[in-house]
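Observations on the model geometry
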Amino acid sequence: MKGEGGSFRNRRPLEAGNRATGARRSLLILALLGLITGAACAAIDHEALHFALSKSVPEKDTAIAPPDELRLWFTQEPQDNSISIRLLAGEELVETEPAVQDPDDGTVFSVALENALAAGAYTIAWRGLGQDGHVVRGEIPFSVVVE
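Residues numbered from 1 in each chain as written. Predicted model: local features only at pLDDT ≥ 70, side-chain atom pairs only at ≥ 80, totals over all residues. Heavy atoms only, no water.

1. Points about the confidence of the model for the protein
Of all residues in the protein, 76% attain a pLDDT of 70 or more, and the chain-wide mean is 84. For residues 43–47, every residue scores under 50 in pLDDT, and the model assigns this stretch four contacts once sequence neighbours within four places are set aside. (pLDDT = per-residue confidence, 0-100. Contact = heavy atoms within 4.5 Å.)

2. As for a negative patch on the surface
A surface patch of like charges, here negative, comprises E77, D80, D104 and D105. Among the secondary structure elements, D104 is positioned in the loop between β6 (100–101) and β7 (108–112). (Patch = residues over 30% accessible without salt bridge, like charges linked within 9 Å, V, L, I, M, F, W, Y side chains within 5 Å. Areas by Shrake-Rupley, 256 points an atom, 1.4 Å probe, with all protein chains shown as cover. Salt bridge = Lys/Arg side-chain N within 4 Å of Asp/Glu carboxyl O. Lys, Arg positive; Asp, Glu negative; His and termini not counted. Charge placed at Lys NZ, Arg CZ, Asp CG, Glu CD. Helix = DSSP H or I, 4+ residues; strand = E, 2+ residues; numbered from the N terminus.)

3. What to know about the sheet that holds β7
Here four strands make up an open sheet; going across it, the order is β1-β3-β7-β6 and the pairing antiparallel. Only two strands of the sheet have a single partner each, and these edge strands are β1 (53–57) and β6. Relative to strand β3 (residues 69–74), β1 runs antiparallel, the two being bridged by four bridges. Bridging across to β3, L53 finds its partner in F74. (Pairing = 2+ DSSP bridges.)

4. Overview of the pairing of β3
Residues of β3 alternate between two faces, with L70, L72 and F74 buried on one and E69, R71 and W73 left unburied on the opposite face. Two elements, β3 and β7, share five bridges in a ladder whose sense is antiparallel. Bridge pairing links L70 to V111 in β7. (Buried < 20%, exposed > 50% of the residue type's maximum accessible area, 1.4 Å probe, protein only.)

5. Focus: the pattern of salt bridges
Under the defined criterion, the tally for this structure stands at two salt bridges. Across the salt bridge formed by R71 and D102, the nearest N and O atoms sit 3.8 Å from each other. Within this pair, whereas R71 is found in strand β3, its partner D102 is found in the loop between β6 and β7, the two being separated by 31 residues in sequence. Residue classification places R71 among the partly exposed residues on the basis of a relative accessible area of 23%. In this structure D102 comes out as partly exposed when scored by relative accessible area, which is 23%.

6. A few points about a nonpolar patch on the surface
Taken together, the side chains of L27, I29, L30 and L33 present a nonpolar region at the surface, about 420 Å² in accessible area. Positionally, L27 belongs in helix α1 (residues 16–43).

Have a look at this one:
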């Protein structure tokens, strides 16, 4: 055994209390790391990571005067020529112009209406292909009120 100052004999073995305190400290550190990781994941805007609809005019479930056009904003630019926007009155397809991408903002698409819409319920059915190759689709129900 070593001599004075570096003696192994003078060291106390770990007591149960010291081991428990160390275990509590480790659990506390793991819990804090979990909270930090969870907060970081929650702060991520998941829609910005994937292609999705972010806004529309008309908005979902609104009652509006007859619009001149339909306008959809997406979270990112879709793959070229992948956007489809259809307008339905019940099961019937309403005639519209083709979807046009905004030249200043590639995430915005509009569809001009060929005729004024009559009062009633309508649905915008859209479909697009994200840059990651995922097909995304959705529906936006709205109604037209004529005064």
